[in-house]
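Structural overview for review
If you want the building blocks of each chain, they are given just below.
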Amino acid sequence: MAGRRRLIVVSNRGPVVHDRDANGARVARRGGGGLVTALRSLVEHHDVTWIASAMSAEDKKVAEEAGGEPIAEEARSGAPYRLRFVVHDPSAYDWYYNVVANPMLWFVHHYLWGLANAPDVDHGLHHAWNEGYVPVNRNFADAVVTELEREPDAAVFFHDYHLYVAPGLVRERVPDALLTHFVHVPWSMPEYWRVLPQPIRRAVHEGLLANDVVSFHTSRWRRNFLRSCEDILGLEVDGSSDEIAVGERVVAVRARPISVDPQEFDEIAASPVVEAQEEAIAGTRPETLILRVDRTDPSKNVVRGLRAYELYLDAHPEMHGRVQMLALLDPSRQDIPEYAEYLGAVQRAARTVNDRFQQEGWIPLDLQIQDNFPQAVAAYKQFDVLLVNAIFDGMNLVAKEAPLVNTRGGVLILSENTGAHEELGEWALTVNPFDVAGQAGALHAAVTMAEDERRRRLEAIVDHVREHDIAGWIEAQLADLDEARARLGAPA
């Protein structure tokens, strides 16, 4: 990578959450997945200050003891960085997270609202936006401005849909700041953004355009954003360009698909804890193992996937006793009614499959609802078919992670509406996430696929993921940063 840089990373959740152990001693639990893992190389190679919400009571105590200043932290590798907790009013944070960010914005991004019946945009949403989302974003902006006063040459990396307003608030106070924003979710078409009242949808787009660079996982989401800026803000957008003129400023809009660290997954897959989990799976699995690994989020489309499996079993009695679906689901956002209700729907659909087809000695569907990453990696190694049928997904890293360590020539069934499909669709079996019959057919095609074809497809996916890894994702964004600096005439 290029020389060391001063970077400010801003995200709702940070790399560390503090708690107390059984003896009352303070402990720091370091995140091992998602954004934390993706940005680890930034921490290891650059001078990073990470700004994040104080998520636990102990986080708030840490922030109080530090007088609001950053604390010294270390990544898993031992690389030092600075962590600044932002403490929010509890009611404001609840409105920000549980009313606006999830479900409202999340549902807009993933086309999850059934518009004939929901949502009802009432005074509650307006209140949550004005008294929750905006104030929490202002808290983040205040922290960023304070850090920029300390390090004026630092570049600011905002992340995701929790922080759409913050860049504009920073730009107002620090006009020459270098700001970038990565959106990790799909960007829906302009018409769907009209679910939101005009002031809110305009604020979302204007806030993003306060950045110098806005990035998405795919060219599809990038194109949708450009169309939204044209339709909602009335900006002139050249469809063949990847830049938008906003007054005298130019905003670069890029597609930078996130990836994984292949070496890390190789090491995890060979670890004793994963090998023990794999032994347990191998000892009970049938001839053919169909796998899905998801959060219990409505966007993941678990219920339709279970219905597709039910149709498959109905059509292929010769596979009874010979096949099993292992569904490893991480419970997600159960404080939000829509998510709790969806988990109930998943459990009912699973019950229907087993009630219809279960025989002595054979359980067709093994549904496990828990957060168990080693078990997931062990299952990655053992699957014959991997079902990823998300309604919409910004990327879906399961589609990249699982083939990387698979040992059985596993076949990937992939929704055409995942970001991963733009890269891996050539080697996957493509499905429409709403076509349950089509997914059932894809399951049969995957189970009966010739061994040499299975291996060819899997090896192509593995080669692509190893070549386009997480380090490449980081380097591409740093190159975008350098281009933005050059446009502004700032020193690198």
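Our subject in this report is the structure included herewith.

Conventions we followed
For every chain, the first residue of the written sequence is number 1, and numbering continues from 1 onward in sequence order. Only residues with pLDDT of at least 70 are given local features in this predicted model, and only at 80 or more are side-chain atom pairs given and counted; all residues enter the totals for whole chains, interfaces and linings. Heavy atoms throughout the structure, all of them, feed into the side-chain values; hydrogens and water do not. Between Lys or Arg on one side and Asp or Glu on the other, a salt bridge is scored when a side-chain nitrogen of the former is within 4 Å of a carboxyl oxygen of the latter. The numbering of helices and of strands both runs from the N terminus, where a helix is a DSSP run of H or I of at least 4 residues and a strand a run of E of at least 2. Buried residues are those whose accessible area, probed at 1.4 Å on protein chains only, stays under 20% of the maximum for their type, while exposed residues exceed 50% and partly exposed ones sit between those limits. We treat two strands as partners when DSSP finds at least two bridges between them. Lines fitted to the C-alpha atoms define the axes, with helices restricted to the stretch that makes contact. Angles between their N-to-C directions range from 0 to 180 degrees. Throughout, a contact is declared for two residues whenever any of their heavy atoms are within 4.5 Å. Using a grid of 1 Å spacing that covers the protein atoms alone, one calls a set of points a cavity when a 1.4 Å probe fits there but cannot get out, and a pocket when the set is open and has protein on both sides within 12 Å along at least five of seven lines; lining residues are those with an atom within 4 Å of a point. Grid points are joined across faces, edges and corners, and a volume is the space filled by probe spheres set on the points. We define a polar contact as two N or O atoms separated by no more than 3.5 Å, with the added condition that, inside protein, one atom must be a possible hydrogen donor and the other a possible acceptor, whereas residues neighbouring each other in sequence contribute only through side-chain atom pairs. Working definition: rings of Phe, Tyr and Trp (its six-membered ring) pair if their centres are within 6.5 Å, and the pair is stacked with planes under 30 degrees apart, edge-to-face with planes over 60 apart, and tilted otherwise. Residue types Ala, Val, Leu, Ile, Met, Phe, Trp, Tyr and Cys, when buried and joined through side-chain atoms within 4.5 Å, form a set referred to as a nonpolar core. Roughly parallel covers angles under 35 degrees, roughly antiparallel covers those over 145, roughly perpendicular covers 65 to 115, and oblique covers all other angles. Left-handed describes a crossing whose near helix is turned anticlockwise from the far helix through less than a right angle; right-handed describes the clockwise counterpart. Residues are sorted three ways: Asp, Glu, Lys and Arg are charged, Ala, Val, Leu, Ile, Met, Phe, Trp, Tyr, Cys and Pro are nonpolar, and all the rest, Gly among them, are polar.

**Some words on the pattern of salt bridges**
Where charged atoms from two side chains of opposite charge come close, those side chains can pair. Taken as a whole, this structure holds 35 salt bridges when the rule is applied. A salt bridge links arginine 256 to aspartate 480, with the shortest nitrogen-to-oxygen separation between them at 2.8 Å. On the criterion of sequence distance, the pair formed by arginine 256 in the loop between strand S11 (249-255) and helix H10 (262-269) and aspartate 480 in helix H19 (residues 470-488) is long-range, its members being 224 residues apart. Arginine 256 sits in the partly exposed class, given a relative accessible area of 24%. Among the residues examined, aspartate 480 registers a relative accessible area of 3% and is labelled buried. One network of salt bridges, in which partners are shared, links Glu69, Arg82, Arg84, Glu147 and Arg150.

**Regarding the sheet that holds strand S13 (residues 323-330)**
Strand order in the open sheet formed by 6 strands is S14-S13-S12-S15-S16-S17, with parallel pairing between adjacent strands. At either margin of the open sheet sits one strand with a lone partner, and together these are strand S14 (365-369) and strand S17 (429-431). Between one strand axis and the next, the sheet turns through 20° on average, direction left out of account. The strands that helix H17 (residues 436-448) touches are strand S12 (288-295), strand S15 (385-388), strand S16 (411-415) and S17; relative to S17, the one it contacts most, it runs at about 170°.

**Brief notes about empty space enclosed by the protein**
Tallied over the full model, the rule gives 3 cavities of 30 Å³ or more. Within this model, the second largest cavity holds a volume of roughly 60 Å³. Taken together, Phe157, Thr180, His181, Phe182, Val213, Ser215, Gln477 and Asp480 make up the full set of residues lining the second largest cavity. Residue assignment for the lining of the second largest cavity shows that the elements contributing at least two residues are strand S8 (178-182), strand S9 (213-216) and H19. Residue contributions to the lining of the second largest cavity peak at 3 residues, all from S8.

**A few points about the side chain of asparagine 406**
Position of asparagine 406 among the secondary structure elements: in the loop between helix H15 (398-405) and S16. The class of asparagine 406 is buried, set by a relative accessible area of 9%. Within the local environment of asparagine 406, its side chain forms a polar contact with the backbone nitrogen of glycine 409, the two atoms lying 3.2 Å apart. The residues touching asparagine 406, leaving out its near neighbours within four places in the chain, are Tyr380, Lys381, Gln382, Phe383 and Leu458.

**Examining the packing of aromatic side chains**
Using the criterion set out here, one finds 18 aromatic pairs in the structure. On the numbers, 5.2 Å between centres and 50° between planes, the contact of tyrosine 93 with tyrosine 96 is tilted. Of this pair, tyrosine 93 and tyrosine 96 both sit in helix H4 (residues 90-109), 3 residues apart, which is roughly one turn of the helix. Residue tyrosine 93 shares its accessibility class with tyrosine 96, and that shared class is buried. Ring centres 4.7 Å apart and planes at 10° place the aromatic pair tryptophan 129 and tyrosine 133 in the stacked group.

**Overview of the sheet that holds strand S7 (residues 155-159)**
Strand order in the open sheet made by the 9 strands is S5-S6-S4-S1-S7-S8-S9-S11-S10, with mixed pairing throughout. Each edge of the sheet is formed by a strand with only one pairing partner; in this case those strands are strand S5 (71-74) and strand S10 (243-246). Across the sheet, the mean angle separating the axes of adjacent strands is 25° when strand polarity is ignored. The pairing of S7 with S8 spans 5 bridges and is classified as parallel. Pairing of valine 156 across the sheet is with leucine 179, part of S8.

**A few points about the nonpolar core**
By size, the foremost hydrophobic cluster in this structure holds 69 residues, and its most contacted members are Tyr164, Trp187 and Phe225. No other element matches the 12 residues that helix H5 (residues 123-150) contributes to this core. Beyond its immediate sequence surroundings of up to four residues, phenylalanine 225 is in contact with Trp187, His205, Leu208, Leu209, Val214, Phe216, Ile244 and Val253. In terms of nonpolar packing, the next biggest core, distinct from the first, is built from 68 residues, Val16, Val62, Leu178 and Leu291 among them.

**A word on the packing of helix H11 (residues 272-284) against helix H14 (residues 373-382)**
A pair of packed helices can be characterised by two numbers: the angle between their axes and the separation between those axes. Closest axis-to-axis distance for the H11/H14 pair is 8 Å, and the angle between their directions is 55°. Regarding the angle of H11 to H14, the classification is oblique. With respect to the hand of their crossing, H11 and H14 are arranged in right-handed fashion. Contacts from Val273, Val274, Glu275, Gln277, Glu278, Ile281 and Ala282 in H11 reach Pro374, Gln375, Val377, Ala378, Ala379, Lys381 and Gln382 in H14. Looking at the contact of H11 with H14, its residues break down into 8 nonpolar, 3 polar and 3 charged.

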